[in-house]
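Summary of the model geometry
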Amino acid sequence: MNAPTPRENLQGLDLLAEINRLKKERNAVILAHYYQKPEIQDLADFVGDSLELSKRAAETDADVIAFCGVRFMAETAKILSPEKTVILPDMAAGCSLEDACPPGKFKAFREAHPDHIALTYINCSAEVKALSDIIVTSSSAETILSQIPLDQKIIFGPDRHLGGYLSRKFNREMLLWPGVCIVHEAFSETELLKLKAQYPGVPVAAHPECPPHIIDHSDYVGSTSGILQFAQTMEGDTLIVATEPHIIHQMEKAEPGKTFIGAPGADGNCACNICPYMALNTMEKLYLALRDLTPQIHLDENVRLAAKKSLDRMLEMASGTVGKGDLGRA
């Protein structure tokens, strides 16, 4: 991988113009997750949740996918679009959930529980997806879990908070992998209660990656796209938002007359709820990635095909087309 060009070497460049020029030259599509900086969201062709973005990119005739997100998201784009070149502005843009679930340990855990199927959150590496039966997103998890027979034992990973939320809601016992999202783990119950007291009657929308002490004080729990939709359809003009705060940029664009307040971190002031991995992507790095077509995502084909199988099963089940008897088969 080429070393990044020092930032000072790019001074004087009109980065937006250069990115748009390179996008045309490369026949590229630029994807931005909701947690990206506003300037990156505003130049992207598509803004959304990780799987939604990968699916939309697969439907284009682009030769290059520039994914402004984190590594597992870019890998998902490559799984669905193997013929396209997939670039990530900074390969160090990882995920605490992915880091918490190394493929070797996950494989050993599965082998220790052979009577369990692996229902695995999409926030994991391609290798872990390949070791899983069904991938879920925060928006599809409930639909999929409702189709799994009650007597089927389940491993859920790598997010114990999302798994715990599903377990409580459906009264389903599951073996939970002990990973957490460092962003959603950072929200403070004490500070949230202070904020609710300051804004009486104002609803709270939270991502299910939040721990129970945040979920319990929330009026709506859902994916980032679900929270965005709730912001647009809710009654009232103010919302407290318990997820990575860059989603608020899209809320303000969609509903400029409403007020959106980010839920506070540990001391009420820290920026600890900003994802440090997402923040690694910058305009400068996006320009360099498009210019040099690096860093690129490369996947072993056997891993890609196995990971795609678990993703495909999710897509089938989310539309209610897979019979329960299909679960857990090789």
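For clarity, every value in this text was computed on a predicted model and none was experimentally measured. (Residues numbered from 1 in each chain as written. Predicted model: local features only at pLDDT ≥ 70, side-chain atom pairs only at ≥ 80, totals over all residues. Heavy atoms only, no water.)

Within strand E11 (residues 238–242), 5 of the 5 residues are buried, which leaves it mostly tucked inside the rest of the structure. Burial along E11 is two-sided: the face carrying Thr-238, Ile-240 and Ala-242 and the face carrying Leu-239 and Val-241 are both buried. Across 3 bridges, strand E9 (residues 204–206) lies against E11 in parallel orientation. Directly across from Ala-206, in E11, lies its bridge partner Ala-242. Inspection of the sheet shows E11 paired to strand E12 (residues 259–262) by 4 bridges, in the parallel sense. Residue pairing for E12: Leu-239 is matched across the bridge by Phe-260. Following the backbone out of E11, through helix H14 (residues 247–254) and into the adjacent parallel E12, one traces a crossover that is right-handed. (Buried < 20%, exposed > 50% of the residue type's maximum accessible area, 1.4 Å probe, protein only. Helix = DSSP H or I, 4+ residues; strand = E, 2+ residues; numbered from the N terminus. Pairing = 2+ DSSP bridges. Right-handed = clockwise from strand over helix to strand, strands pointing away.)

Two numbers describe how helix H3 (residues 50–58) lies on helix H4 (residues 71–80): the axes approach to 9 Å, and their chain directions differ by 35 degrees. Helix-helix and strand crossings are classified by hand; for H3 and H4 the assignment is right-handed. Contacts between H3 and H4 pair Ser-50, Leu-51, Ser-54, Lys-55 and Ala-58 from the former with Phe-72, Met-73, Thr-76, Ala-77 and Leu-80 from the latter. (Axes fitted to C-alpha atoms, helices over the stretch in contact; angles between N-to-C directions. Left-handed = near helix turned anticlockwise from the far one by under 90°. Contact = heavy atoms within 4.5 Å.)

The next thing to look at is the sheet that holds strand E6 (residues 134–136). The strand order across the open sheet formed by 4 strands is E6-E5-E7-E8, and the pairing between neighbours is parallel. Either end of the sheet is taken by a strand with one partner, and the two such strands are E6 and strand E8 (175–176). Bridge analysis of strand E7 (residues 153–157) against E8 gives 2 bridges, and the strand direction is parallel. Along E8, the bridge assignment pairs Phe-156 with Leu-176.

A residue-level look at the protein chain finds 92% of positions with pLDDT of 70 or above and a mean pLDDT of 92. Note on residues 1–8: pLDDT is under 50 here. Beyond four places in sequence and across chains, it has 8 contacts. Below pLDDT 50 for its whole length, residues 320–330 participates in 20 contacts with residues either more than four positions away or in separate chains. (pLDDT = per-residue confidence, 0-100.)

If you look at the biggest cluster of nonpolar residues, it comprises 99 residues, and the most contacted ones within it are Ile-30, Leu-119, Met-251 and Leu-290. Those residues within four positions of Leu-290 in sequence are excluded, and the remaining contacts are Ile-19, Leu-22, Arg-26, Ala-28, Ile-30, Ala-66 and Ile-87. Counting 7 residues, the second largest nonpolar core, distinct from the first, contains Cys-101, Ala-118, Cys-124 and Ile-155. (Core = buried A, V, L, I, M, F, W, Y, C linked by side-chain atoms within 4.5 Å.)

Let us look at the sheet that holds strand E1 (residues 28–33). What the 4 strands build is an open sheet, ordered E2-E1-E3-E4; its pairing is parallel. The open sheet has two edge strands, strand E2 (46–48) and strand E4 (85–87), and neither has a second partner. When the angles between neighbouring strand axes are averaged without regard to direction, this sheet yields 20 degrees. Relative to strand E3 (residues 64–68), E1 runs parallel, the two sharing 5 bridges. Pairing of Ile-30 across the sheet is with Ala-66, part of E3. In this fold H4 packs onto E1, E3 and E4, with an angle of close to 155 degrees to the strand it touches most, E3.

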